[in-house]
Amino acid sequence: MTPRAVEQNPVVMLNASVWHIVESGRASDVALCGLPLRERRAHSRLRTVGRENVCPACLRGYDQPPGSPPS
Ligand SMILES: [Zn+2]
């Protein structure tokens, strides 16, 4: 198994005007925050677009994945 910590730079998808994190890459049709990606316009990487430009709900889910104890 690959430790999750290795993935520090996940794929992000531009849906309408907001970047969302997608865990399964550009094949994903749902963002990490649960939003259906119906207006996919581009994909990039978290570090490329910057955390300040990414959906806050996605960032929360990424920093604290469900099922993981808070650190
Ligand atoms: Zn999101």
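My aim in this report is to walk through the structure given alongside it, one point at a time. Fair warning: this is a prediction, and the values are worked out from it, not measured in the lab. (Residues numbered from 1 in each chain as written. Predicted model: local features only at pLDDT ≥ 70, side-chain atom pairs only at ≥ 80, totals over all residues.)

What follows is about the overall build of the protein. Regarding its fold elements, the protein presents 2 helices and 3 strands. The secondary structure elements of the protein, listed N-terminal to C-terminal, are β-β-β-α-α. When burial is assessed residue by residue, the protein has 18% of its 71 residues classed as buried. For the protein, the share of sequence-separated contacts (at least 6 apart) that also reach a separation of at least 24 residues comes to 49%. (Helix = DSSP H or I, 4+ residues; strand = E, 2+ residues; numbered from the N terminus. Buried ≥ 20, exposed ≤ 12 C-beta atoms within 10 Å, placed from the backbone. Contact = placed C-beta atoms within 7 Å.)

Strand order in this open sheet of 3 strands is E2-E1-E3, and the pairing throughout is antiparallel. Looking at strand neighbours, the two that pair on one side only are strand E2 (18–21) and strand E3 (40–45), the edges of this open sheet. The sheet shows a mean angle of 30° between the axes of neighbouring strands, taken without regard to direction. The sheet contact formed by strand E1 (residues 11–15) and E2 spans 4 bridges and is antiparallel. Residue pairing across strands places Leu14 opposite Trp19, the latter belonging to E2. (Pairing = 2+ DSSP bridges. Axes fitted to C-alpha atoms, helices over the stretch in contact; angles between N-to-C directions.)

Turning to the nonpolar core, a few remarks are in order. Of all hydrophobic cores here, the largest spans 12 residues; its members are Val12, Met13, Trp19, Ile21, Val22, Ala31, Leu32, Leu46, Val54, Cys55, Cys58 and Tyr62. Of all the secondary structure elements, the ones that give two or more residues to this core are E1, E2 and helix H2 (56–63). Not counting residues within four places of it along the chain, the set of residues in contact with Val12 comprises Trp19, His20, Ile21, Val22, His43, Ser44, Arg45, Leu46, Val49 and Val54. (Core = buried A, V, L, I, M, F, W, Y, C linked by C-beta atoms within 7 Å.)

Before going further, it helps to examine the environment of Arg26. Within the fold, Arg26 resides in the loop between E2 and E3. In sequence terms Arg26 and Ala42 are 16 residues apart; their C-alpha atoms lie 8.9 Å from each other.

Here the focus is the environment of Asn9. With respect to the element layout, Asn9 can be found in the segment before E1. Classification of Asn9 by C-beta neighbours within 10 Å gives exposed; the count is 10. It is 8.7 Å that separates the C-alpha atoms of Asn9 and Thr48, two residues lying 39 residues apart in sequence.

This part takes up unusual backbone geometry. Non-glycine residue Ala16 carries a positive phi angle of around 55°. Residue classification places Ala16 among the exposed residues on the basis of 11 C-beta atoms within 10 Å.

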